[in-house]
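# Close look at the chain arrangement
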Amino acid sequence: MATGTTSATPETPSSQPPPGRGVRSPGRAAIEAPHLRTDRWWLPPLVTALGLAAFVAYSTWRAFADAHYYAAPYVSPFYSPCLASRCTDMKGGADWALFGHWWGLSPALLVLVFPLGFRLTCYYYRKAYYRSFWSSPPACAVAEPHAAYSGETRFPLILQNAHRYFFYLALLVAGVLTYDTALGFRDVHGDWGHMGLGTLVMLANIALIWAYTLSCHSCRHIIGGKLRHFSRHPVRYRLWNWVGLLNGRHMLLAWSSLVSVGIADLYVYLVSSGAFDDPRFF
Ligand code: FES
């Protein structure tokens, strides 16, 4: 008989909402304060939010600008590969005009979906914007304001699992941008042997884009995952170690490549609009 026994369930403080599936779950510590941290835990998510918002604002303006995306021999990474007939006036860069003149919007909108999808579903960026924009959670040991938590098991967040496929597409885009960078060694007449400041900007950008792409967690799994014995796969083991070195700097590479792609586009914009002359070394 249960008569006379006491309940093992801890009491819920009256100021807190009823038990849910999140941090108010019955099994969690019943602490009234939202957190016990005394440091400036809010600073990293705030800086992250400002940085991401600045890039979103700049890239949105440039994506819809539909102008100043080519300054021979440089092509803005926001507009490459060219997939619309209306941007084939670029005398360089990858030109696959799959969309005819009926496409009246900016050609960047056809391209940016690939790198955007790659970054939006990236494990690091997910953590960054979940914390910064949704407070889910805002920081370690700081309770999130949401009563329930379903993770990435439901629509739309279940779509985050498409990251591996965006990785394959990102490889293609990085290949195209590598081609564009090589064309930066040609002058305006198409002769090889040119180098300007823009060539270096494009080189730095493509190096960071490759480093970020190859540091992807999906890439690391593709190379080293599903193996029973590394000793029988020495090449994959070596590659896995290299990718692991990059993977340990994934956050740094995510930010540096984000900044570099913005700088590369801004450089093309400034040269194309006449605000700046590309200094030529030879
Ligand atoms: Fe960040 Fe794949 S996990 S790009």
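Our subject is the structure that appears above.
This is a predicted model, so every value here is computed, not measured. (Residues numbered from 1 in each chain as written. Predicted model: local features only at pLDDT ≥ 70, side-chain atom pairs only at ≥ 80, totals over all residues. Heavy atoms only, no water.)

## Section: the overall build of the protein
- Of regular secondary structure, the protein possesses nine helices and four strands.
- From first element to last, N terminus to C terminus, the protein shows the α and β order α-β-β-β-β-α-α-α-α-α-α-α-α.
- The 282 residues of the protein split such that 39% are buried.
- Partitioning the contacts of the protein with sequence separation of at least 6, the portion at a separation of at least 24 is 63%.
- Total accessible area computed for the protein in this model is approximately 16,400 Å², and 65% of it derives from carbon and sulfur atoms. (Helix = DSSP H or I, 4+ residues; strand = E, 2+ residues; numbered from the N terminus. Buried < 20%, exposed > 50% of the residue type's maximum accessible area, 1.4 Å probe, protein only. Contact = heavy atoms within 4.5 Å. Areas by Shrake-Rupley, 256 points an atom, 1.4 Å probe, with all protein chains shown as cover.)

## Concerning the pattern of salt bridges
- Taken as a whole and judged by the stated rule, the model has three salt bridges.
- Between D39 and R37 there is a salt bridge; the shortest N-O distance is 2.7 Å.
- The partner of E152 in a salt bridge is R126, with the nearest N and O atoms 2.8 Å apart. With a gap of 26 residues between them, E152 in the loop between helix 4 (123–134) and helix 5 (163–183) and R126 in helix 4 connect regions that are remote in the sequence. (Salt bridge = Lys/Arg side-chain N within 4 Å of Asp/Glu carboxyl O.)

## Description of the state of the cysteines
- Under the defined criterion, the tally for this structure stands at one disulfide.
- Shown here is the disulfide that connects C82 with C87, its sulfur atoms set 2.1 Å apart. Because the sign of the S-S torsion sets the handedness, a value of about 100 degrees for the bond joining C82 and C87 places this disulfide among the right-handed ones. Each member of the pair, C82 together with C87, is buried. (Disulfide = S-S within 2.5 Å.)

## Points about the side chain of H194
- Tracing the sequence through the fold places H194 in the loop between helix 5 and helix 6 (197–214).
- There is a polar contact of 3.1 Å between the side chain of H194 and the side chain of Y74.
- Apart from residues lying up to four places away in sequence, H194 is in contact with P73, Y74, G184, F185, R186, D187, T199, D278, R280 and F282. (Polar contact = N/O pair within 3.5 Å; in protein donor to acceptor, adjacent residues only side chain to side chain.)

## Let's talk about helix 5
- With 21 residues, helix 5 should reach 30 Å at 1.5 Å per residue; the first-to-last C-alpha distance of 30 Å fits that figure.
- For helix 5, the full list of buried residues reads H163, F167, A170, V173, A174, V176, L177, D180, T181 and L183. (Expected span 1.5 Å × (residues − 1).)

## Observations concerning the packing of helix 5 against helix 7 (residues 217–224)
- Contact geometry of helix 5 with helix 7 gives a least axis separation of 9 Å together with a crossing angle of 90 degrees. The angle between helix 5 and helix 7 places the two elements in the roughly perpendicular class. In this structure, helix 5 contributes H163, R164, F167 and Y168 to the contact, and helix 7 contributes S218, C219, H221 and I222.
- Counted by class, the contact of helix 5 with helix 7 contains four nonpolar, three polar and one charged residues. (Axes fitted to C-alpha atoms, helices over the stretch in contact; angles between N-to-C directions. Parallel < 35°, antiparallel > 145°, perpendicular 65-115°, else oblique. Nonpolar A, V, L, I, M, F, W, Y, C, P; charged D, E, K, R; others polar.)

## Focus on the nonpolar core
- Judged by nonpolar contacts, the single largest core of 22 residues is most densely connected at F78, L110 and I209.
- Listing elements by their share of this core, those giving two or more residues are helix 1 (43–65), strand 3 (82–84), helix 2 (108–111), helix 5 and helix 6.
- Membership of the second largest hydrophobic core comes to 19 residues, among which are F118, Y124, F167 and I223. (Core = buried A, V, L, I, M, F, W, Y, C linked by side-chain atoms within 4.5 Å.)

## Considering helix 7
- Among all positions in helix 7, only S218, C219, I223 and G224 are buried.
- Elements that come into contact with the buried residues of helix 7 comprise helix 4, helix 5, helix 6 and helix 8 (234–247).
- Looking one or two places after helix 7, you find K226, whose phi comes out positive at around 60 degrees.

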